[in-house]
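Notes for the structure review
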Amino acid sequence: MCMDICNRLSPIKFAEADDFLTFISIYEDKARERAYKKLLWQNRHLIEGKVCVEAGCGMGIFSEYMASLKAKKVYAIEVNPHMYKAAKKRLSGNPVIEVVNSDITKFDPGEKINVCVHELYGQLLLDEELLMLEKLKFKPVHMLPDGGKLQGGITMLNRLHDRIVTPEILAQLDSVLVSGLFDEGKLPLKFDILEWQWGKKTTAKAVCDIRSLSGDLLYMGVRVMHKGREICRAGKCPNWSFIWTPRTGNCFSISFSRGLRAPDPMFGWQQ
Ligand SMILES: C[S@@+](CC[C@H](N)C(=O)[O-])C[C@H]1O[C@@H](n2cnc3c(N)ncnc32)[C@H](O)[C@@H]1O
């Protein structure tokens, strides 16, 4: 589903409605939902009888699931006002869940939190709100999931047999990162670009030397990890797609600057 706002709105109203539409569209991705529920189920012993948080709860499906796994209390925290209202309405009948309209970095439960679940992974790992988790006012005993990677691969454009994106078209996109340009197919994510690990300082900048790899097309994708194992990844879960760009060098850099709504990725090729 692709939803665009068609009329002129104030910048704040636009941002709130645009984020709302973006975030409700993730619920089309059933593979993501299954992967997260499996992770919570496997960790149900950490949830039963304990106080838990869902950081950025969206519609609150994982808050609801933690309540069904017998959490003593679940704080479902959501910053977007539309999303908050939708979650509050959905979860109003659940006595265990408290839906709070707050920025997660400002939320202080005033009690011990055993589990914090979140899904703040951007298409380029750090271009959504993952780094917010380093600024929490509370320290959960367990963060679920606790890691993630941005990984890459190189392929040949002519192997993808795309009728529209010919070499001439692709050449116009030098240093432009594009999602959804091709289908991921069975392309593997081969090398690490960036890593996030709960409790470790994240370096939001990488320089990758790919001179030993042959191919004219670079792709990147997110892998959501917990305790070193994959939970879900770009290509397998439609919520995350590969990001593509033509290869015009042997070395590229990626970093993130502070954006208006979320971190802005910066990308460039070096020789
Ligand atoms: C990708 S959605 C995930 C929603 C839900 N956890 C799920 O997995 O179904 C991320 C949610 O986090 C919310 N969010 C983003 N930044 C936040 C912040 N600083 N504090 C609280 N919520 C935030 C967004 O509005 C959005 O609803």
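Residues numbered from 1 in each chain as written. Predicted model: local features only at pLDDT ≥ 70, side-chain atom pairs only at ≥ 80, totals over all residues. Heavy atoms only, no water.

Things to note about the pairing of strand β2 (residues 73-78)
Heads up, the condition is: Burial classes follow relative accessibility: with a 1.4 Å probe on protein chains only, a residue under 20% of its type's maximum area counts as buried, one over 50% as exposed, and anything between as partly exposed. Numbering of helices and strands starts at the N terminus; helices are DSSP runs of H or I of at least 4 residues and strands are runs of E of at least 2. Being paired, for any two strands, means DSSP has found at least two bridges between them. For a crossover, the right-handed case is the one in which the path from the first strand over the helix to the second runs clockwise, viewed with the strands pointing away from the viewer.
Counting buried residues along β2, five of its six residues qualify, which places the element largely inside the surrounding structure. Pairing geometry for strand β1 (residues 51-55) and β2, over five bridges, is parallel. From the neighbouring strand, Val51 faces β2, where its bridge partner is Lys73. Each parallel crossover has a hand, and the one from β2 via helix α5 (residues 81-91) to strand β3 (residues 97-101) is right-handed.

Here's the deal with the side chain of Asp127
Condition: Positive: Lys, Arg. Negative: Asp, Glu. His and the chain ends are not part of the count. Whenever Lys or Arg places a side-chain nitrogen within 4 Å of a carboxyl oxygen from Asp or Glu, that contact is recorded as a salt bridge. A 3.5 Å cut-off defines polar contacts: any pair of N or O atoms within that distance qualifies, except that in protein one atom must be a possible hydrogen donor and the other a possible acceptor, and neighbouring residues in sequence count only when both atoms are side-chain atoms. The contact rule is simple, with two residues in contact once any of their heavy atoms fall within 4.5 Å.
Residue position: Asp127 is located in the loop between β4 (115-118) and β5 (142-144). There is no salt bridge for the buried Asp127, and the closest opposite charge comes from Arg261, which lies 12 Å off by N-O distance. Here the side chain of Asp127 touches Leu124 through a polar contact of 2.8 Å, landing on its backbone nitrogen. Every residue in contact with Asp127, bar those within four places of it in the chain, is listed here: Gly122, Phe256, Ala262, Pro263 and Pro265.

Brief notes about the domain arrangement of the chain
Operational definition: Either an automatic procedure or a domain database provided the assignment from which the domain bounds are taken. Joining two parts hides part of their accessible area as seen by a 1.4 Å probe, and the buried area is that hidden amount summed over both. In this classification, the charged set is Asp, Glu, Lys and Arg, the nonpolar set is Ala, Val, Leu, Ile, Met, Phe, Trp, Tyr, Cys and Pro, and all remaining amino acids, among them Gly, are polar.
Per the domain assignment, the segments making up the chain are domain 1 (11-119) and domain 2 (148-270). At the interface, 15 residues of domain 1 touch twelve residues of domain 2. Where domain 1 abuts domain 2, roughly 960 Å² becomes buried across the two surfaces, and 60% of that area is made up of carbon and sulfur atoms. Counting across the interface, domain 1 meets domain 2 through two salt bridges. Here Asp19 ties to Arg261 by a salt bridge, and the two come within 2.6 Å at their closest N and O atoms. On the surface where domain 1 and domain 2 come into contact, there are five residue pairs in polar contact (both at pLDDT 80 or more). Put simply, the parts of the chain that give the side of domain 1 that touches domain 2 at least two residues each are α1 (11-24) and α2 (30-42). For the side of domain 1 that touches domain 2, the leading source of residues is α2, giving six residues. Within the side of domain 1 that touches domain 2, the residues separate by chemical class into seven nonpolar, three polar and five charged.

With respect to the sheet that holds β5
For clarity, the threshold we go by: Every axis corresponds to a line fitted to the C-alpha atoms, with the helix fit spanning only the stretch in contact, and the corresponding angles, defined between N-to-C directions, vary from 0 to 180 degrees.
Spatially, five strands are ordered β3-β2-β1-β4-β5 in an open sheet, and the strand pairing comes out parallel. Where the open sheet ends on each side, the last strands, each with one partner, are β3 and β5. Each strand of the sheet is rotated relative to its neighbour by a mean of 20 degrees, with strand direction disregarded. Each of β1, β2, β3 and β4 touches helix α4 (residues 61-68); the most contacted strand, β1, lies at about 165 degrees to it. Against the sheet, α5 engages β2 and β3, with an angle of about 165 degrees to β3.

Observations concerning the nonpolar core
Proteins that are soluble and globular tend to have nonpolar side chains buried together. Quick note on the threshold: In plain words, nonpolar cores are sets of buried Ala, Val, Leu, Ile, Met, Phe, Trp, Tyr and Cys residues tied together by side-chain atoms within 4.5 Å.
Grouped together as the largest cluster of nonpolar side chains are 85 residues, with contacts concentrated most on Ile193 and Ile254. No other element matches strand β10 (residues 217-226), which puts six residues into this core. The residues that make up this core include at least three from each of domain 1 (11-119) and domain 2 (148-270). Once residues lying within four places of it in the same chain are set aside, the contact partners of Ile254 are Leu124, Leu150, Ile193, Leu194, Ala204, Lys205, Ala206, Met220, Met266 and Phe267.

A few points about the site of the ligand
The condition that has to hold: Only a single heavy atom is needed: when it lies within 4 Å of a molecule or strand, its residue is near that molecule or strand.
In the vicinity of the ligand there are 21 residues, among which Tyr27, Arg32, Glu54, Gly56 and Glu78 approach most closely. Val79 places a main-chain nitrogen or oxygen 3.3 Å from a nitrogen atom of the ligand. Measuring from a nitrogen atom of the ligand, one finds a backbone N or O atom of Ile104 at 2.8 Å.

Overview of the packing of aromatic side chains
The description of an aromatic ring pair rests on the distance of the ring centres and on the angle between the ring planes. To be explicit about the condition: Centre distance within 6.5 Å is the pairing criterion for rings of Phe, Tyr and Trp, where only the six-membered ring of Trp is used; planes under 30 degrees apart are then read as stacked, over 60 as edge-to-face, and the remainder as tilted. When the NZ atom of lysine or the CZ atom of arginine is within 6 Å of a ring's centre and also within 35 degrees of its normal, the charge is said to sit over that ring.
Going through the model one piece at a time under the given rule, you end up with eleven aromatic pairs. Between Phe267 and Trp269, the aromatic rings sit 5.7 Å apart at their centres with planes inclined by 90 degrees, giving edge-to-face as the arrangement. The two residues Phe267 and Trp269 agree in class, both being buried. Counting every residue linked through ring pairs, the aromatic cluster contains Phe182, Tyr219, Phe242 and Trp244. Geometry around Tyr36 places Arg32 over its ring, the cationic atom sitting 6.0 Å from the centre. Of note, Arg44 hangs over the ring of Trp41, and the distance from its end group to the ring centre comes to 3.9 Å.

Here's the deal with the pairing of β3
Of the pairings in the sheet, the one linking β2 to β3 comprises five bridges and is parallel in character. Paired with Tyr75 across the bridge in β3 is Glu98.

Brief notes about the pattern of salt bridges
Considering all chains together, one arrives at twelve salt bridges under this definition. The partner of Glu33 in a salt bridge is Lys30, and the shortest N-O contact between them spans 3.3 Å. Linking Glu33 with Lys30, this pair stays in helix α2, spanning three residues, or about one helical turn. A residue is classified by how much of its surface remains accessible, and Lys30, at 45% relative accessible area, is partly exposed. Arg223 is the partner of Glu230 in a salt bridge, and the nearest nitrogen-oxygen pair spans 2.2 Å. The class of Glu230 is partly exposed, set by a relative accessible area of 26%. With a relative accessible area of 16%, Arg223 lands in the buried category.

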